[in-house]
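So you can see what is in the structure, the chains are spelled out below.
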Amino acid sequence: MRVASVAVLVLAAQAVAGTAGSAPSLEGAWAPSGHTFGPTCEWQVVRRSARGTCALDATAGSAAGLYDVTGGAGRRTVHLSGARPDGVRLHVTARVMGDVGRLRFRVHGPHVHARGTATLARVGAANAGWTYDSMCGSCHGADARGTPGRPAIRCSARAVDTARTGLPGMQVFPPAEVPTDALSDVQAWLQTLCASDPPGVAAADLYASDCARCHGADAAGTSNVSGIQGPDLRCRSYQIIAAEISDGDAYMPSFPELTNAEVSAIGAFVRGRCPTTPPPY
Ligand code: HEC
Ligand code: HEC
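Cut-offs used in this document
- Residues numbered from 1 in each chain as written.
- Chains lettered and ligands numbered in written order.
- Predicted model: local features only at pLDDT ≥ 70, side-chain atom pairs only at ≥ 80, totals over all residues.
- Near = placed C-beta within 6 Å.
- Helix = DSSP H or I, 4+ residues; strand = E, 2+ residues; numbered from the N terminus.
- Nonpolar A, V, L, I, M, F, W, Y, C, P; charged D, E, K, R; others polar.
- Axes fitted to C-alpha atoms, helices over the stretch in contact; angles between N-to-C directions.
- Parallel < 35°, antiparallel > 145°, perpendicular 65-115°, else oblique.
- Contact = placed C-beta atoms within 7 Å.
- Buried ≥ 20, exposed ≤ 12 C-beta atoms within 10 Å, placed from the backbone.
- pLDDT = per-residue confidence, 0-100.
- Core = buried A, V, L, I, M, F, W, Y, C linked by C-beta atoms within 7 Å.
- Domains from an automatic or database assignment.
- Expected span 1.5 Å × (residues − 1).

Next up on the list: the site of ligand 1. In the region of ligand 1, 23 residues are neighbours, and Cys211, Cys214, Asp249, Tyr251 and Met252 sit closest. Among the elements of the structure, helix 7 (212-215), strand 10 (229-230) and helix 8 (238-247) are those that each provide at least two residues to the shell around ligand 1. For the shell around ligand 1, the leading source of residues is helix 8, giving four residues. A class-by-class count of the residues in the shell around ligand 1 yields 14 nonpolar, four polar and five charged.

The following block contains the structure:
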């Protein structure tokens, strides 16, 4: 995962409010537009002073990390500087015009030197795709159709909860790294992908034809005609489901013909049956 994702966020609503009428709002969270190299920053302005955080992602090499920054704000310009926990310093000057900005930055420390410029865009609903890309895309795929071992999530309605709780193989994204608004924006963005191009995999049919005979129609477990006892699957992790499907088990066949999208769909079908109070295994 690229670390840049971190520091992000604040509401598009605030940005809009800021541009309506009075002085343009400098406040908010800003990320390089496109995929240019540069810090992603979030700051607040109180009178003429500014305070916030900036993050540089792994493409910044040894300059990567999270920096707490403070400084001053003029009508259109913010100057910030601060240090990473190990003392490496970052200086940033951002010139903001409406919802875009120009940023110059410099990083220095005993063995760290980097400088550059970047074009900034406000982070919010308008670039939820960017947020997704930098935080989730490396595992779930650029189009959210999943990658081997990681499920498709374009039609999942659980982006916010899942990011907060984490799962086996998926880290927790705490509020300090990603505000809830940003996750809701990602959730809404995923929903648009799902609506414009649904997965086209009939999960219920696949499950019924490949799994139900041993695990029961509702995945709560059953024993089949030859007395093989298929366990309750409903709250099993996606990773376990994917591994069993690909490798099989003592009494369970493997299903090498199932594609990643199909495995992902079966995983979602099974997990969708997990009761709120999980069964005692
Ligand atoms: C022929 C019967 C049979 C079929 C078909 C079958 N399974 Fe299984 N499955 C089992 C049995 C039996 C086990 C317990 C491990 C063992 O003894 O093989 C199991 C174990 C599992 C486990 C591990 C559960 C745990 O608690 O660790 C998962 C996950 C699983 N199956 C998923 C599936 C899925 C998904 C399908 C359909 C693609 C499927 N199985 C099809 C019989 C079957
Ligand atoms: C390091 C890889 C990784 C990253 C980064 C990652 N995920 Fe996941 N995610 C996984 C894996 C692995 C699973 C399946 C876990 C399991 O076995 O149940 C998963 C599962 C999910 C699920 C399915 C939950 C369910 O119950 O079916 C959702 C939704 C999800 N991730 C959303 C996200 C979002 C949103 C982000 C970005 C904020 C994200 N993930 C980032 C690896 C990742």
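So much for the structure itself; the text now carries on.
Let us look at the packing of helix 6 (residues 203-210) against helix 9 (residues 260-271). Close contact between helix 6 and helix 9 brings their axes to 9 Å; oriented N to C, the two are set at 90°. It follows from the interaxial angle that helix 6 and helix 9 lie roughly perpendicular. Facing Ala203, Ala204, Leu206 and Tyr207 of helix 6, the residues of helix 9 in contact are Glu262, Ala265, Ile266, Ala268, Phe269 and Val270. Across the contact of helix 6 with helix 9, the residue classes tally to nine nonpolar, no polar and one charged.

In this section: the environment of Ser254. Structurally, Ser254 is set in the loop between helix 8 and helix 9. By the C-beta count within 10 Å, which is 12 here, Ser254 ends up exposed. As a C-alpha pair, Ser254 and Glu244 span ten residues in sequence and 7.0 Å in three-dimensional space. If we skip the residues at most four places from it in the chain, Ser254 touches Ile245, Ser246, Asp247 and Gly248.

Model confidence for the chain is summarised by a mean pLDDT of 80, while 84% of its residues fall at 70 or above. Across the chain, strand 5 (residues 77-83) holds the top mean pLDDT of 94, while helix 1 (residues 12-19) sits lowest at 29.

Turning our eyes to something else, we now look at the nonpolar core. When a protein is soluble and globular, its nonpolar side chains tend to lie buried together. Membership of the largest hydrophobic core comes to 26 residues, with the highest contact counts inside it found for Cys54, Leu90, Val92 and Ala94. Mapped onto this core, the elements with two or more residues apiece are strand 1 (28-32), strand 2 (40-46), strand 3 (49-56), strand 4 (65-73), strand 5, strand 6 (89-97), strand 7 (100-109) and strand 8 (112-122).

Quick look at the site of ligand 2 now. Surveying the vicinity of ligand 2 reveals 25 residues, the closest of which are Cys136, Cys139, Gly169, Ser237 and Tyr238. Secondary-structure elements contributing two or more residues to the shell around ligand 2 are helix 3 (137-140), helix 4 (159-165), helix 8 and helix 9. Looking at the shell around ligand 2, you find at least three residues from each of domain 2 (127-196) and domain 3 (203-271).

Over its 17 residues, helix 5 (residues 180-196) extends 24 Å from the first C-alpha to the last, a length consistent with the 24 Å expected when each residue adds 1.5 Å. Those residues of helix 5 lying buried are Asp181, Ala182, Leu183, Asp185, Val186, Gln187, Trp189 and Leu190. Taken together, the buried residues of helix 5 touch helix 2 (128-135) and helix 4.

Along the chain, Ala157 turns up in the loop between helix 3 and helix 4. For Ala157, a count of 13 C-beta atoms within 10 Å corresponds to the partly exposed category.

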